[in-house]
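One letter stands for each residue in the lines below.
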Amino acid sequence: MRESQLVNDIIRALWPWIHLHRVNVGTVKTEDGRKFSTGLPKGFPDLFGTLPASVSRTGRAVPVFIECKVGDNTLSEEQRKFLTEERAKGSAVAVCRSVEDARRFVFRYLKGE
């Protein structure tokens, strides 16, 4: 499976609980040959969104960040740092290799595990 397919599958699978948004970044070449980067800083996860207050165990909306990985791919140092910092701030963060990983993450978070 390609990572882009996993990202799309997780968005669909978690929609009832979390409204996730896909991060698109890249480099663009202008007509005059200049290049510039678009998007978010290095390390920003593939998916971000909010767990609504209505289903959050805290009664408040909670930021959610999910990094998707397939095969033997591992986190970059920038990704690891971003997720660690967000977790310390109270965000819900996960690295998911499957839709089932993503579902387990949400249900464990909702249960307070």
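Residues numbered from 1 in each chain as written. Predicted model: local features only at pLDDT ≥ 70, side-chain atom pairs only at ≥ 80, totals over all residues. Heavy atoms only, no water.

Q: Describe the nonpolar core, listing the residues and the values that go with them.
A: If you look at the biggest cluster of nonpolar residues, it comprises 23 residues, and the most contacted ones within it are Ile10, Leu20, Leu47, Val64 and Ile66. Elements that contribute at least two residues to this core include exactly helix H1 (3-14), strand E4 (47-51), strand E5 (62-68), strand E6 (92-96) and helix H3 (99-111). Per-element accounting of this core gives the leading share, 6 residues, to H1. Aside from chain neighbours lying at most four places away, what touches Leu20 is Ile10, Ile11, Leu14, Trp15, Leu47, Phe48, Gly49, Val64 and Ile66. With 7 residues, the next largest nonpolar core counts Val23, Leu75, Phe82 and Val93 among its residues. (Core = buried A, V, L, I, M, F, W, Y, C linked by side-chain atoms within 4.5 Å. Buried < 20%, exposed > 50% of the residue type's maximum accessible area, 1.4 Å probe, protein only. Helix = DSSP H or I, 4+ residues; strand = E, 2+ residues; numbered from the N terminus. Contact = heavy atoms within 4.5 Å.)

Q: Could you give me a rundown of the packing of H1 against H3, with the residues and numbers involved?
A: In a pair of packed helices, the angle between the axes and the distance between the axes together describe the arrangement. Orientation of H1 relative to H3, taken along the N-to-C sense of each, is 40 degrees, at an axis distance of 9 Å. Classified by the angle their axes make, H1 and H3 are oblique. In the crossing of H1 with H3, the sense of the turn from one axis to the other is right-handed. Of H3, the residues touching H1 (which contributes Leu6, Asp9, Ile10, Ala13 and Leu14) are Val99, Ala102, Arg103 and Val106. For the contact of H1 with H3, the residue count by class is 7 nonpolar, no polar and 2 charged. (Axes fitted to C-alpha atoms, helices over the stretch in contact; angles between N-to-C directions. Parallel < 35°, antiparallel > 145°, perpendicular 65-115°, else oblique. Left-handed = near helix turned anticlockwise from the far one by under 90°. Nonpolar A, V, L, I, M, F, W, Y, C, P; charged D, E, K, R; others polar.)

Function-wise, these values are silent; they only describe arrangement.
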